[in-house]
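# Observations on chain architecture
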Amino acid sequence: MPELNLTSAPAHLRHGSNIGQPLTRRDGVLKVTGQATYAADNHPPGMLFAVIATSSIARGRVASLDVAAAKRHPGVVDVMTSDHKPPLAIDPEIKTNPFVFRMEALQSNEVRYANQPIAVVIAETLEAATEGAALLAPRYETLPALIGLDAGESFVPPVVGVGNPTENHRGDVEAGLASAETQIDATYETPPQYHNAMEPHAVVAHWDGDKLSVDMPTQGLKLSLARIAELFGIAHDKIHIRSPFLGGGFGSKGLMGGPPVLGIMAAKLVGKPVKLVLRREQMYGPVGHRAPTRQRLRIGADGEGRLTALDHHARTVSSTFDDFYEPAADASHTLYAAPAIRTSHDAVRVNTGTPLFMRAPGEATGSIALESAIDEMAWACGIDPLSFRLKNYAEVEPITGKPFSSKALRACYDQGAARFGWAKRPLQPRQMRDDAGLLVGWGMGTATFPALMFQAEARAAIRRDGSGVMEIGAHDMGQGAWTALAQIAADAVGLDVDRVTFKAGTSDLPDAGIAGGSAHTATAGAAIHSAGAAVIAKLADLATNDERSPLFGAGNAGVIARDGRLIRRDDESRGESYAEILARAGVAEVEAHGTGAPNPAAMEEYAMHAHGAVFAEVKVDPELGQVRVTRMVGAFAAGRIVNPRMVQSQLFGGMIWGLSFALHEEAVTDRRSGRIMNANLGEYHVPVNADVPPLDVITVEEHDPHVNALGIKGVGEIGITGSAAAVANAVWHATGVRVRKFPIRIEELLAQR
Amino acid sequence: MKPFDYVRPATVTEAVAAAAQPGAVYLAAGTNLLDLMKGGVSRPDRLVDVTHLDGLDGIERLADGSLRIGALVSNADLAHDADFARSYPAVAEALLSGASAQLRNAATVGGNLLQRTRCAYFYDTASRCNKREAGSGCDARGGENRTHAVLGWSESCIATHPSDFCVPLVALGAVVEIEGRAGRREIALDELHRLPGDTPERESALEPGDLIVAVRLPPAAREFAPHARYLKVRERTSYAFAVVSAAAALRIENGRIAEARLALGGVAAKPWRASAAEDVLKGVAPTTDAFQEAAWRALTDAKPSGDNAFKIELARRIVVRALTLAAAGTPARLPALPASPFASTSGAIHA
Ligand SMILES: Cc1cc2nc3c(=O)[nH]c(=O)nc-3n(C[C@H](O)[C@H](O)[C@H](O)COP(=O)(O)OP(=O)(O)OC[C@H]3O[C@@H](n4cnc5c(N)ncnc54)[C@H](O)[C@@H]3O)c2cc1C
Ligand code: SF4
């Protein structure tokens, strides 16, 4: 497959500078014409098909597999089991760094969760491999499975999320509650959810001697590279991973899990290229999920409706063999100015694949509970939910006392409420009906997500013909990174976006960090920005030190790069083109590297978060309990908006996921076997078009000089926060029934008519 | 996938002969069967593809006023046939409330009637299921069963029949024409699906080789056209099976119900005709009280089979609503969200 070069994509409309323009996706035409090659679209010559056999028990061991029957099946080439597999260089259970996800690579016959890979059948056709896997007819020694939030002794994990402290507090919560005029004590439950990216996890692995080429969707090229290198004991430069497109990841393609490793092992075993693609139901296990939570909120308020205390405790689960704890209670750190705040977590171990980050891990689960509870408190105090939030508006980050690097939440509330028409909302629930007699309710939620930065590198070059190159191993998961990052690249080197060859998506390029934490545009963008500045500085050195250049001696005044020319800052009539500078210098190209990284000093001084306010209208059938969202408005402040079109679509997607969280998504787990009973897109409900109302997104202007050089906060995850609770609160407002178990089910609303 | 023979008979007689062999099944559009095969739930030795048979894809009005629908007519073509939708609006509404547009374009009339239950334990081959493997047990009992049956279930099986189409059909007294080894016969649709009893693996009255060739709506079915609705409560606005549904059809003369038809979906192993409730409505004025009485009658024998007691109350409310909607009159145009409680939302809000 040729490496992807996006400069061949059709030209784009552009007015003025690149950042801030609503360019359409640069890879859009490739995608809609079927030319975008996803991992599973690769078919190297001689390729075989591998199919995973998975466990149907959640705990125990595999006693036997009928390997002979599978091998007898026409077309089956080999069966990889814990007794018959290529050796790995290290035990996949060893955590060489915190970003290692423990996986099943057939290292033993132990079963730790339902749907765990227990063998791999390799065959000439997908059909033969599939049937071979069925013929293995595993027999098990089964142990009683640990299932659910009360499966066993709870414990306090050492950290939650990615290194967050398990407990936090400020002020005296008990005293705050004791002094409160009004108190609420409410417990909310959220179910297990699965990422369900459209593109299943897939790998095409091809060994050539000790060199390995891998086609695989990943949100972390360099992390995957390092993991493959250590597992197979080969040098980084022997491995080439291509991940030009991802059909969604949402966190599940962040850390390398077992299935792609099994594909690479299978290719090694048979000495031929092998493709391994998970079936939809196989994605419910080895590739992460959002853990269930049970969250208790105790909140106190004084006679004026000012919070006196906020106590948020979350129970969650992890697997029996690895640690990821949904940091749900942390959602209470940033939003409301309670003088006393305490957040804490505990967990139980269950027979599940290890949970993992899934779009807004912690914030999504925590926010639906917190924002429901705030709504309950507003009602208990007899105050409009928006007024209540404004009354308790945090001018500094409540848990740390730090000032915010920027916070335009008030403007979000104002603009969102105005667009929605919130002022007309009756305080009492169950007051509004439409012409058809359906109950109508309005609810809101506050959105928040931290503005994170990871580490990234980029390489920039200016070529003799005046064009630019920007290289960074960044990931386009469908969010439009190639477009947004290319826009940043174009501005960084002072060229039109179509004059810059933007290379991304392969592991030989500079490390772009992980595409997660809503930090990819900010992190990769900062690296691109700095590489661009560095290469322009080199070019400027050539010119300003050359007496033949009109820029000679401009050193102190400085130069600006614009439209392929360097011009004097103090006299824009003096300048020359990149091509002229390089031609005169007799240099084929100049190149430079740049990095993006968090700024520890700024982080020490400021709390950095994006914010938003989401307003939702629902209709509920008063007798039948069916719910439908009919309107949503979200106003978000997330620093600089690199590409409004991409940002809007990220926020739409997040808001729809919030709706889904409130009303639809749940992995139904059999309480005895631990198997997920709806592991398919027919029955694991996500919203369909008819569930998604007209969405209105407002991006509120916000300038943040502290988060990073470009002032970008990230928009990938914030849309889901706030939205889920806005829908849930609207259901309450429509019906007067407060449902605290998500998703909200018909039977909960039937109780009252 | 397990290898299988694929045969494409040229005539109905050949088809019947081919399908009468052990291990043979009919293949229509395959929207249900192929999923079952991929999941290892069905492992047939032979597929008898009926989609190329002649003469099974017509919709014809017979001399006596009944309507004959060929077994291969697609769900979409039937629902969008203007004359059909006008004459049997509740059936069209039910069809259009099922599955997705793509599935309806493919799915056939015969396949819809004989689609299998959506019981998750039936689909999960690691679970015990009497229907899939006679005598193995029923893991749905004591499992995740909030959507299972509340009527006609047995200790052996608590599954429901998921079809929407069948619900108004059974209310309107549809008849199924069958071609079998002994020639042609017909049975009432109400007798096609069996309740589980001790033999949930026997789902229908069909014998090996029996091919459904047509479904017939009797002449009287048209008379309900002015007052016929289908209502389906589901867990998302579209593309979801019914939690509970109901078809209601009334013949109203001089302000009184001359005749009522009522059937429930999603509550039993068959589309559930509520004859006792129909009787209650005969000759009375179409009032809420009468509808409530009918709803009680329809659910008299209902009992929860698990975490699904709510479905009984929901079914009562759906019956009342469906009858109310039917009494109000069939809308001139099929709603944009067929059979949905949100079908008639105008968008205007008042306090
Ligand atoms: C995701 C999804 C959602 C769905 N949602 C709904 C829904 O909301 N409501 C609803 O009602 N349905 C729903 N369906 C089911 C759908 O209606 C059925 O799959 C479809 O009607 C089956 O028709 P088919 O022609 O594809 O049948 P096939 O899959 O080809 O056959 C189904 C069965 O019928 C037998 N068969 C077919 N034709 C004949 C015949 N002429 N004589 C004898 N036996 C025959 C086959 O042997 C097989 O056992 C859904 C399906 C899917 C996959
Ligand atoms: S309810 Fe019926 S179909 Fe479901 S598992 Fe039990 S026997 Fe099988």
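Read on for a plain summary of the structure. For clarity, every value in this text was computed on a predicted model and none was experimentally measured. (Residues numbered from 1 in each chain as written. Chains lettered and ligands numbered in written order. Predicted model: local features only at pLDDT ≥ 70, side-chain atom pairs only at ≥ 80, totals over all residues. Heavy atoms only, no water.)

Before going further, it helps to examine the sheet that holds strand β11 (residues 256-265) of chain B. Residue and element names in this part refer to chain B. Read from one edge to the other, the open sheet built from 4 strands follows the order β9-β10-β11-β12, with strand pairing classed as antiparallel. Among the strands making up the open sheet, the edge pair consists of β9 (228-233) and β12 (272-273). As paired strands, β11 and β12 are joined by 2 bridges and run antiparallel to one another. Across the sheet, Ala263 pairs through a bridge with Arg273, a residue of β12. (Pairing = 2+ DSSP bridges. Helix = DSSP H or I, 4+ residues; strand = E, 2+ residues; numbered from the N terminus.)

Residues and elements named next belong to chain B. Listed as buried for helix α11 (residues 288-298) are Ala290, Phe291, Ala294, Ala295 and Ala298. Buried residues of α11, viewed axially, fall in a sector of 140 degrees; they line one side. For α11, the exposed residues lying more than 90 degrees away from the buried face are Asp289 and Trp296. Buried residues along α11 sit in contact with β10 (244-253), β11, β12, α10 (275-281) and α12 (310-328). (Buried < 20%, exposed > 50% of the residue type's maximum accessible area, 1.4 Å probe, protein only. Arc of directions from axis to C-beta. Contact = heavy atoms within 4.5 Å.)

All right, on to the site of ligand 2 then. Close to ligand 2 lie 13 residues, the nearest being Cys119, Cys129, Cys138, Cys157 and Ile158 of chain B. Among the residues forming the shell around ligand 2, the class breakdown is 9 nonpolar, 2 polar and 2 charged. (Near = heavy atom within 4 Å. Nonpolar A, V, L, I, M, F, W, Y, C, P; charged D, E, K, R; others polar.)

To continue, consider the interface of chain B and chain A. Each partner contributes residues to the interface: chain B has 45 residues there, and chain A has 47 residues. Carbon and sulfur atoms make up 51% of the area that chain B and chain A hide from each other, which totals about 4,000 Å². When the area that chain B buries against chain A is broken down by residue, the three leading residues are Arg236, Arg317 and Phe342 of chain B, summing to 19%. Where chain B packs against chain A, one counts 8 salt bridges. Here Glu235 of chain B and Arg745 of chain A are joined by a salt bridge, their closest N and O atoms 3.5 Å apart. (Buried area = accessible area lost by both parts, 1.4 Å probe. Salt bridge = Lys/Arg side-chain N within 4 Å of Asp/Glu carboxyl O.)

Residues Ile299, Val618, Met632, Leu663 and Val727 of chain A are the most contacted members of the largest nonpolar core, which totals 85 residues. In this structure, Ala456, Ala474, Leu485 and Leu539 of chain A belong to the second largest nonpolar core, which totals 51 residues. (Core = buried A, V, L, I, M, F, W, Y, C linked by side-chain atoms within 4.5 Å.)

Here the focus is the site of ligand 1. Residue and element names in this part refer to chain B. Residues in contact with ligand 1 amount to 31 residues; listed here are only the nearest, Tyr26, Gly30, Thr31, Thr108 and Asp164. Contact distances for ligand 1 include 3.0 Å between an oxygen atom and a backbone N or O atom of Ala29. Residue Lys232 places a side-chain N or O atom 3.1 Å away from an oxygen atom belonging to ligand 1. Contact with the protein chains hides 93% of the accessible area of ligand 1, taken as 980 Å² for the molecule alone. Of all the secondary structure elements, the ones that give two or more residues to the shell around ligand 1 are α2 (33-38), α7 (109-113) and β8 (211-217). The greatest single-element share of the shell around ligand 1, amounting to 3 residues, is contributed by α7. Residue composition of the shell around ligand 1, grouped by class: 15 nonpolar, 11 polar and 5 charged. There are two domains that each give the shell around ligand 1 at least three residues, and those are domain 1 (5-52) and domain 2 (222-328). (Polar contact = N/O pair within 3.5 Å; in protein donor to acceptor, adjacent residues only side chain to side chain. Areas by Shrake-Rupley, 256 points an atom, 1.4 Å probe, with all protein chains shown as cover. Domains from an automatic or database assignment.)

Residue and element names in this part refer to chain B. With respect to the helices, strands and loops of the structure, His148 is situated in the loop between α8 (120-123) and α9 (166-171). For His148, a relative accessible area of 5% puts it in the buried group. Those residues within four positions of His148 in sequence are excluded, and the remaining contacts are Cys119, Ala140, Ile158, Ala159, Thr160, Ser305, Asn308 and Lys311.

Take the environment of Val469 of chain A next. Residues and elements named next belong to chain A. With respect to the element layout, Val469 can be found in strand β21 (residues 468-471). For Val469, a relative accessible area of 5% translates into the label buried. C-alpha of Val469 to C-alpha of Gln183: the two residues are 286 residues apart in sequence and 60 Å apart in space.

Residue and element names in this part refer to chain B. The contact between α11 and α12 brings their axes to 8 Å, and the two run at 140 degrees. When the interaxial angle is binned, α11 and α12 end up oblique. Where α11 crosses over α12, the two elements pack in a sense that is right-handed. Seen from α11, the contacting residues are Phe291, Gln292, Ala294, Ala295 and Trp296; seen from α12, they are Arg316, Val319, Val320, Leu323, Thr324 and Ala327. (Axes fitted to C-alpha atoms, helices over the stretch in contact; angles between N-to-C directions. Parallel < 35°, antiparallel > 145°, perpendicular 65-115°, else oblique. Left-handed = near helix turned anticlockwise from the far one by under 90°.)

Looking along the chain, the bond that leaves Phe742 of chain A and enters Pro743 of chain A is cis, with omega of 0 degrees. Assignment of secondary structure puts Pro743 of chain A in the loop between α15 (723-735) and α16 (746-750). Phi angles above zero are rare outside glycine, and Ala360 of chain A is one such case at about 60 degrees. On the secondary structure map, Ala360 of chain A appears in the loop between β17 (341-350) and α7 (363-381). When its relative accessible area of 0% is taken as the criterion, Ala360 of chain A is described as buried. Positive phi, close to 50 degrees, is recorded for Ala99 of chain B, a residue that is not glycine. Taking relative accessible area as the criterion, Ala99 of chain B reaches 31% and is therefore assigned partly exposed.

Let's shift gears to the pairing of strand β7 (residues 183-188) of chain B. Two elements, strand β6 (residues 175-180) of chain B and β7 of chain B, share 6 bridges in a ladder whose sense is antiparallel. Opposite Gly180 of chain B, over in β7 of chain B, you have Gly183 of chain B as the bridge partner.

Let's shift gears to the packing of aromatic side chains. As enumerated under the stated definition, the model contains 17 aromatic pairs over all chains in all. Taking the centre distance of 6.0 Å and the plane angle of 15 degrees together, the rings of Tyr113 of chain A and Phe321 of chain A count as stacked. Within this pair, whereas Tyr113 of chain A is found in the loop between β4 (110-111) and β5 (117-123), its partner Phe321 of chain A is found in the loop between β16 (307-319) and β17, the two being separated by 208 residues in sequence. For Phe321 of chain A, a relative accessible area of 10% corresponds to the buried category. Here the aromatic cluster, defined as three or more aromatic residues joined through ring pairs, consists of Phe420, Trp422, Trp442 and Phe615 of chain A. The aromatic ring of Phe321 of chain A is capped on one face by Arg112 of chain A, whose charged end is 3.7 Å from the ring centroid. For the cation-ring pair, Lys303 of chain B lies above Trp153 of chain B, with the distance from its terminal atom to the ring centre recorded as 4.4 Å. (Phe/Tyr/Trp six-rings, centres within 6.5 Å; stacked < 30°, edge-to-face > 60°. Lys NZ or Arg CZ within 6 Å of the ring centre and 35° of its normal.)

Turning our attention to helix α10 (residues 481-492) of chain A. Each full turn of the α-helix corresponds to 3.6 residues, which orients residues three or four apart in the same direction. Residues and elements named next belong to chain A. The end-to-end C-alpha distance of α10 is 16 Å, a good match for the 16 Å that 12 residues give at a rise of 1.5 Å each. The element α10 is extensively covered by neighbouring structure, given that 11 of its 12 residues are classed as buried. Buried within α10 are the following residues: Ala481, Trp482, Thr483, Ala484, Leu485, Ala486, Gln487, Ile488, Ala489, Ala490 and Ala492. Turning to α10, the residues buried within the fold contact β21, β22 (500-503), α11 (520-544) and α14 (644-663). Note on α10: the residue one or two positions beyond its end, Gly494, has a positive phi of about 65 degrees. (Expected span 1.5 Å × (residues − 1).)

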